[in-house]
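Understanding the architecture of this molecule
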Amino acid sequence: MNDLNAMRVFVRVAEAKSFSQAGRLLGLTSSAVSKAVSRLEKEFGVRLLNRTTRSVGLTNDGLDFFERCRLILADVDEAESELTQSSLRPRGALRVHMPMAFGRLVVLPALAKVIGQHPDLHIDVELGERQIDPAAEGLDAVIRFGNLPNSALVARKLCDIRFVACASPEYLRQRGTPVAPDELDGHTCLGYVTPWTGHYREWAFANKGEQISKSVSGQLNVNSAEALRDAAIAGAGVAMIGDFVVHEAVNSGALQVVLRGYIARPVPVSVLFLPVKERAPRLRWFLEVLEAAIPNPTPWAQVGHDPRRSDC
């Protein structure tokens, strides 16, 4: 049989026991329904339906054919459904770039929990701080801190982070607690260095609407927020670190946030991707993983919050 649609029409007529009712269900005229069934009967050389002015019923041959058609169509529908679902499953190579600490602490643990559910998907993750052009480097998505310039990329905000100055309780007992950014000159500071430029990340502060930036470096400077956190916990000095990196250490008492009255405004974290990538199942899946991994409010939201300040 060459016409699967005719088979569907026949089954619908048999179920409805009416050409007109089957036509309404299928969006066809009664004439079109009747012609489709007639084509089947002519093709097989048997009468499938008994027609009277009041009813339509199956012949013996039609009853056997009807039962087989229902099984065949059910298999076809199941195959189509499986094919559709398969096309919606994430597969292939997903290439993403993200800041090192945010990737290690927030994104990668979430990916590790669910990647096993998709054996046809593999993910290449680059961790680092360099500015990436997804189109130029063939990436599916990048995660970036800070305000974003206008571009052809689609940006979806994930959360906010704050950078907080912190030190171990033992260090503060020995050296005292700074109460203003200028007092950091008398402390041992741990700087974040960018190796490929040799520059040190400035420490940002804010107070009464005024933005303050301070260039900070010390005897120990590292290009890893997690390493700075561990050095601060060990008592090496004061470090300026993202709240998502230190919130557990602050909550446990291993670190203490200082200069709370000068914490700068939050920094947005966004995922960026090309518009043409948005419909790809693997990217949609990645965006869903990010959404699940970063609840609102975030676990670190209160680390840099100072209830005494209206601008914090």
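Check the entry above for the structure.
The present account deals with the structure reproduced in this document. Just so it is clear, the structure is predicted and the values come from calculations on it, not from any experiment.

1. Comments concerning the overall build of the chain
Helix and strand content of the chain: ten helices and 15 strands. For a compact globule of 312 residues, the expected C-alpha radius of gyration is about 20 Å, and the chain comes in at 33 Å, more than 25% above that figure. For the C-alpha atoms alone, the extent of the chain along its principal axes is close to 105 × 40 × 35 Å. Per-residue burial for the chain yields a buried fraction of 41% across its 312 residues. Here the analysis covers contacts within the chain between residues at least 6 apart in sequence; of these, 75% occur between residues at least 24 apart. As displayed, the chain offers around 17100 Å² of accessible surface, 49% of which is attributable to carbon and sulfur atoms. Across the chain, 36 positive and 35 negative side-chain charges occur, with their mean positions spaced 6 Å apart.

2. Thoughts on the layout of surface pockets
Roughly 800 Å³ of internal volume is contained in the largest pocket. Looking at the lining of the largest pocket, the elements with two or more residues in it are α5 (100-114), β5 (141-145), β10 (203-207), α8 (225-233), β13 (238-242) and β15 (267-273). It is β5 that provides the largest number of residues to the lining of the largest pocket, a total of four residues. Its residues placed into classes, the lining of the largest pocket shows 21 nonpolar, eight polar and seven charged.

3. Observations concerning the packing of aromatic side chains
On inspection of all chains with the given rule, the structure shows six aromatic pairs. Ring geometry for F102 versus F145: centroids 5.9 Å apart, planes at 85°, classification edge-to-face. Taken together, the residues F102 in helix α5 and F145 in strand β5 connect sequence positions 43 residues apart. Judged by relative accessible area, which is 0%, F102 ranks as buried. Judged by its relative accessible area of 24%, F145 is partly exposed. Sitting above the plane of the Y192 ring, R201 keeps its charged end 3.9 Å from the centroid.

4. Overview of the environment of A225
Checked against the element boundaries, A225 lands in helix α8. Through-space distance from the C-alpha of A225 to that of G242 is 7.6 Å; in sequence the pair is 17 residues apart. In this structure, A225 is in contact with A101, Y192, I241 and V245, ignoring residues within four places of it in sequence.

5. Considering empty space enclosed by the protein
Inspection of the entire model under this criterion finds one cavity of 30 Å³ or more. Of the volumes computed, that of the largest cavity is approximately 30 Å³. Around the largest cavity, the lining residues are F163, V164, A165, A204, F205, M240, V258, L259, Y262 and I263. For the lining of the largest cavity, the secondary-structure elements that each account for two or more residues are β7 (163-167) and β10. Residue contributions to the lining of the largest cavity peak at three residues, all from β7. Class assignment for the residues of the lining of the largest cavity results in ten nonpolar, no polar and no charged.

6. Looking at the pattern of salt bridges
Counted according to the given criterion, the structure contains twelve salt bridges. A salt bridge links E15 to R12, with the nearest nitrogen and oxygen atoms 3.4 Å apart. Within this pair, E15 and its partner R12 are both found in helix α1 (residues 4-16), separated by three residues, close to a single helical turn. Judged by its relative accessible area of 33%, R12 is partly exposed. A salt bridge links D185 to K214; the nearest nitrogen and oxygen atoms lie 3.0 Å apart. Here K214 lies in strand β11 (residues 210-214) and D185 lies in the loop between α7 (169-175) and β8 (189-194), a separation of 29 residues in the sequence. Several salt bridges converge on common partners, so that one network encompasses E126, R130 and E137.

7. Some remarks on the pairing of β11
Alignment of β10 against β11, held across five bridges, turns out to be antiparallel. Across the sheet, the residue bridging to W203 is K214, located in β11. Between β10 and β11, which pair antiparallel one after the other, the connecting turn spans two residues, and K208 there sits at a positive phi close to 55°.

8. Here we look at a nonpolar patch on the surface
A grouping of L25, L26 and L28 is seen on the molecular surface, where their side chains present a nonpolar patch of about 240 Å² in accessible area. Turning to its location among the elements, L25 is positioned in helix α2 (residues 19-26).

9. Focus: the state of the cysteines
All chains considered together, the criterion is met by zero disulfides. Of all cysteine sulfurs, the one in C189 lies closest to C166, which takes part in no disulfide; the gap is 11 Å. The class for C166 is buried, based on a relative accessible area of 0%.

Scoring rules and cut-offs
Residues numbered from 1 in each chain as written. Predicted model: local features only at pLDDT ≥ 70, side-chain atom pairs only at ≥ 80, totals over all residues. Heavy atoms only, no water. Helix = DSSP H or I, 4+ residues; strand = E, 2+ residues; numbered from the N terminus. Rg over C-alpha atoms; globule rule 2.2 N^0.38 Å. Buried < 20%, exposed > 50% of the residue type's maximum accessible area, 1.4 Å probe, protein only. Contact = heavy atoms within 4.5 Å. Areas by Shrake-Rupley, 256 points an atom, 1.4 Å probe, with all protein chains shown as cover. Lys, Arg positive; Asp, Glu negative; His and termini not counted. Charge placed at Lys NZ, Arg CZ, Asp CG, Glu CD. 1 Å grid on protein atoms, 1.4 Å probe; cavity = no way out; pocket = protein on both sides within 12 Å on 5 of 7 lines; lining within 4 Å. Points joined across faces, edges and corners; volume = space filled by probe spheres on them. Nonpolar A, V, L, I, M, F, W, Y, C, P; charged D, E, K, R; others polar. Phe/Tyr/Trp six-rings, centres within 6.5 Å; stacked < 30°, edge-to-face > 60°. Lys NZ or Arg CZ within 6 Å of the ring centre and 35° of its normal. Salt bridge = Lys/Arg side-chain N within 4 Å of Asp/Glu carboxyl O. Pairing = 2+ DSSP bridges. Patch = residues over 30% accessible without salt bridge, like charges linked within 9 Å, V, L, I, M, F, W, Y side chains within 5 Å. Disulfide = S-S within 2.5 Å.

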